[in-house]
Amino acid sequence: MDEAFFPAFFNSFFIAFGVMIGGSLIGAGLATFITGEQVLTAIAKISKTLRIWAIIAAIGGTFDTVYSFEKGFLNGEIKDLFKQFLLILSAMGGANTAALIILWLTQEEVQ
């Protein structure tokens, strides 16, 4: 059974947010702290590369999204196409919000 749209919308945002925060702060921060490297620099670098993976994790992989886009284009179901677009936009918003928080915490110039 499919999840309703609004819970999926908020889940998409917060899953991407959590992957970015958890992966950057805990993953990179703890690993560089144990190895004795610069912690804040590593957190900023990981947050740049982790963004696309957070979006993919939030939308549940790419095959469901591709299938929904296919249904939207080929079968004329614009509603499914629009929903998938909003879910991707929500995931991008969650990843960007987390990246801004990491930027504030580390005070690094993330470009």
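Analysis parameters
Residues numbered from 1 in each chain as written. Predicted model: local features only at pLDDT ≥ 70, side-chain atom pairs only at ≥ 80, totals over all residues. Heavy atoms only, no water. Helix = DSSP H or I, 4+ residues; strand = E, 2+ residues; numbered from the N terminus. Contact = heavy atoms within 4.5 Å. Areas by Shrake-Rupley, 256 points an atom, 1.4 Å probe, with all protein chains shown as cover. UniProt positions renumbered as here; feature names shortened; annotations may be inferred. Core = buried A, V, L, I, M, F, W, Y, C linked by side-chain atoms within 4.5 Å. Buried < 20%, exposed > 50% of the residue type's maximum accessible area, 1.4 Å probe, protein only. Phe/Tyr/Trp six-rings, centres within 6.5 Å; stacked < 30°, edge-to-face > 60°. Axes fitted to C-alpha atoms, helices over the stretch in contact; angles between N-to-C directions. Parallel < 35°, antiparallel > 145°, perpendicular 65-115°, else oblique. Nonpolar A, V, L, I, M, F, W, Y, C, P; charged D, E, K, R; others polar.

1. Section: the overall build of the chain
Check the secondary structure of the chain and you find 4 helices and 0 strands. The contacts of the chain with a sequence gap of at least 6 include a subset with a gap of at least 24, amounting to 69%. Counting only carbon and sulfur atoms, one obtains 69% of the accessible surface of the chain, whose full area is about 7,300 Å².

2. Re the UniProt feature "transmembrane region" (unreviewed entry) in the chain
Per the UniProt record, "transmembrane region" (unreviewed entry) is found at residues 12-34, 50-69 and 81-105. Within the segment residues 81-105, helix and strand shares are 100% and 0% respectively, and the terminal C-alpha atoms sit 36 Å apart.

3. A short note on the nonpolar core
Ranked by size, the top nonpolar core spans 15 residues in total, and within it Ala16, Met20, Ala54, Ala91 and Ala95 carry the most contacts. Of all the elements in the fold, those that place two or more residues in this core are helix H1 (5-35), helix H2 (39-58) and helix H4 (78-106). Among all residues touching methionine 20, those that are not within four sequence positions of it are Leu25, Ser47, Leu50, Arg51, Ala54, Ala95, Ala98, Ala99 and Ile102.

4. Points about the packing of aromatic side chains
Counting across every chain of the model gives 5 aromatic pairs. Seen from their ring centres, phenylalanine 13 and phenylalanine 17 are 6.4 Å apart, and the 10 degrees between their planes marks the pair as stacked. Residue phenylalanine 13 and its partner phenylalanine 17 are located together in helix H1, separated by 4 residues, close to a single helical turn. Cluster of aromatic residues (ring-pair linked, three or more members): Phe5, Phe6, Phe9 and Phe10.

5. Some points on the environment of isoleucine 59
In this structure, isoleucine 59 sits in the loop between H2 and helix H3 (63-74). Sequence-wise, isoleucine 59 and phenylalanine 13 are 46 residues apart; in three dimensions their C-alpha atoms are separated by 9.2 Å.

6. Section: the packing of H2 against H4
With their axes 9 Å apart at the nearest point, H2 and H4 run at an angle of 170 degrees to one another. Classed by the angle they form, the pair H2 and H4 counts as roughly antiparallel. The segment H2 lies against H4, with Leu40, Ile43, Ala44, Ser47, Arg51, Ala54, Ile55 and Ala58 engaging Ala91, Met92, Ala95, Asn96, Ala99, Ile102 and Thr106. Partitioning the contact of H2 with H4 into residue classes produces 11 nonpolar, 3 polar and 1 charged.

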